[in-house]
Amino acid sequence: MLRGLLAIGCWLLAIGAQAHVQYYSPVDYKITLAGNFGEPRPNHFHGGLDIKTDNVEGKHIYSIGDGYVSRLTVGIDGFGNAVYVTHPEGYTSIYCHLKRFSPKLERLVQRTGRQNEKIDLRFSAIELPVSQGQLIALSGNTGHSTGPHLHLEIHDTKTWDMMDPLDFLAPFVNDSVAPQAHSVMACPMEGEGVFNGGVSKQTFGISARQELTAWGKVGFALWADDYMQGVYNHYGIRETILMVDDKEVFHSNVNRIPVFSNRQVNAWGDYRHWLHHKTWYMRSYVPQGVTLPILQTDEHRGYVNFQEERPYRFMYILRDFMGNESRYEFEVIGKKSQIPAVSRKRYNVSYDRLSVISLPGMQLTIPAGSVEGKLNVCPQVQKDKSLPRYTFATEACPLFRWAELCIAIPEGADTTLLYIDSGGHDMGGRCQNGWITTRIRELGATYELKLKTSKE
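The present account deals with the structure reproduced in this document. Source: prediction; values computed, not measured. (Residues numbered from 1 in each chain as written. Predicted model: local features only at pLDDT ≥ 70, side-chain atom pairs only at ≥ 80, totals over all residues. Heavy atoms only, no water.)

### Concerning the environment of Gly58
The cut-off we apply is this: The helix and strand labels rest on DSSP assignments: H or I over at least four residues marks a helix, E over at least two residues marks a strand, and numbering proceeds from the N terminus. Any residue under 20% of the maximum accessible area for its type is buried, any over 50% is exposed, and the rest in between are partly exposed; the area is computed with a 1.4 Å probe on protein chains only. Whether two residues are in contact is decided by their heavy atoms, any of which lying within 4.5 Å being enough.
Residue placement: Gly58 occurs in the loop between strand E4 (49-52) and strand E5 (60-62). Taking the relative accessible area as the measure of exposure, Gly58 reaches 29% and is therefore partly exposed. Taking the C-alpha atoms as reference points, Gly58 and Asn141, 83 residues apart in sequence, are found 9.7 Å from one another. Filtering out sequence-adjacent residues up to four positions away, Gly58 remains in contact with Lys99, Leu138 and Ser139.

Printed below as a string of structure tokens:
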């Protein structure tokens, strides 16, 4: 007992030491990446590194540092088979999509007596100690994986913020290739700016030679990718800086992302453009309601205010985790132009307040902090075989947080069979006091009541 208490005490003291930590490679060969930390993806940032395993399974996976196995999971969070190792420096590493665990860990899983089901085992600091370089698993292709690889995440154990593993593993990666920019998007602020005489978004090549003009408030967004030598993959940009007339107006550093901020990727990136073109233009300005701590701007939230008839000098600086850097310069001419007025709109959903949308037989509650800026939700209801169907937006509109959807239960409906469906996905639902309630995170989908059949 005394030995265990001393071990835990030393562990807690070590956690307090937050000096720079250097871990070791989880594989016994040079690391090459299929994906890097923070890559923008629909509804989430990529939370770790995808380390290549030569497209085969069965590669040895080692603990990157001393610590203890704190968790083993099967079929949880799309990770397939996964090992969690908690380290005394205050971090937890997660090894995912594994083929199988090391023999000792495999026996613990097998003792559950459950096969092909979800398994979630937790352990204390003194039950399963591991050493740096100790074999913990074999690589695989389990869970939400499109090919054999190791997905490695590192989290702050206390806050569970996602950390860039390259900050801990840089010596084991070769990268001398700088990021590359492809195109810029100009985004005039509605009612307050124009670009090339127009009010809609416009894209132009990063080395465009045509004259570009603007007046009023305009935001800019960048499509760019990072690369590494010897592989065809492309990656997200670690650091982006926008300078205007030698003044920094925007700076992003994708090194640490709170898990609860994951869905704000849809607001930093132009989500609707991605839906149509499958390319991410990452904004160099911050819309209202976006609270990503990795984004820093000037006092104008990154918008450029063209109010003088003169050239404005722009420079994008892109860096990867190794410090490889590229710079791109262009010029926009301030040209006095008429800015079309916009009719005053009444918004029923705002980033800074709770919103409640109601129709007969339906109520949608959207918490504050769920959207960027302000928007109009236009609920509509249709009935199909007497069961209602609801829509709230004419195009994709993902929320940062869960909203609560309540639909009145039709008279005589069997509540044991009733559920809310969205495009063929069972959203479930809790039946109580004549209402069925579920959580939703997409306003652009259709929601309808359905009854399970005996075949379901």
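### Structural notes on the layout of surface pockets
This is how the line gets drawn: Method remark: on a 1 Å grid restricted to protein atoms, a set of points is classed as a cavity if a 1.4 Å probe fits but cannot get out and as a pocket if it is open with protein on both sides within 12 Å along at least five of seven lines; lining residues have an atom within 4 Å of a point. Grid points are joined across faces, edges and corners, and a volume is the space filled by probe spheres set on the points. When residue character is reported, Ala, Val, Leu, Ile, Met, Phe, Trp, Tyr, Cys and Pro are called nonpolar, Asp, Glu, Lys and Arg charged, and the others, Gly included, polar.
Each pocket or cavity is described by its volume, and for the second largest pocket that value is around 1,100 Å³. As for the second largest pocket, its lining consists of 35 residues, of which Arg41, His46, His97, His144 and His151 are closest to the centre. Sorting the residues of the lining of the second largest pocket by element identifies strand E3 (44-45), E4, strand E8 (91-98) and strand E13 (149-156) as the ones contributing at least two each. Of all the elements, E13 adds the most residues to the lining of the second largest pocket, at 4 residues. Looking at the lining of the second largest pocket, its residues break down into 10 nonpolar, 17 polar and 8 charged.

### Regarding the pairing of strand E17 (residues 213-225)
Put simply, the rule reads: Pairing between two strands is assigned when DSSP locates at least 2 bridges connecting them.
By the criterion of burial, E17 is predominantly enclosed, with 11 of the 13 residues buried. Where strand E15 (residues 180-195) meets E17, 11 bridges bridge the pair, whose relative direction is antiparallel. Looking across to E17, one finds that Ser183 is bridged to Trp223. In terms of strand pairing, E17 meets strand E25 (residues 325-334) through 2 bridges, oriented parallel. In the strand pairing of E25, Thr213 is matched with Ile333. The pairing of E17 with strand E23 (residues 304-306) spans 3 bridges and is classified as antiparallel.

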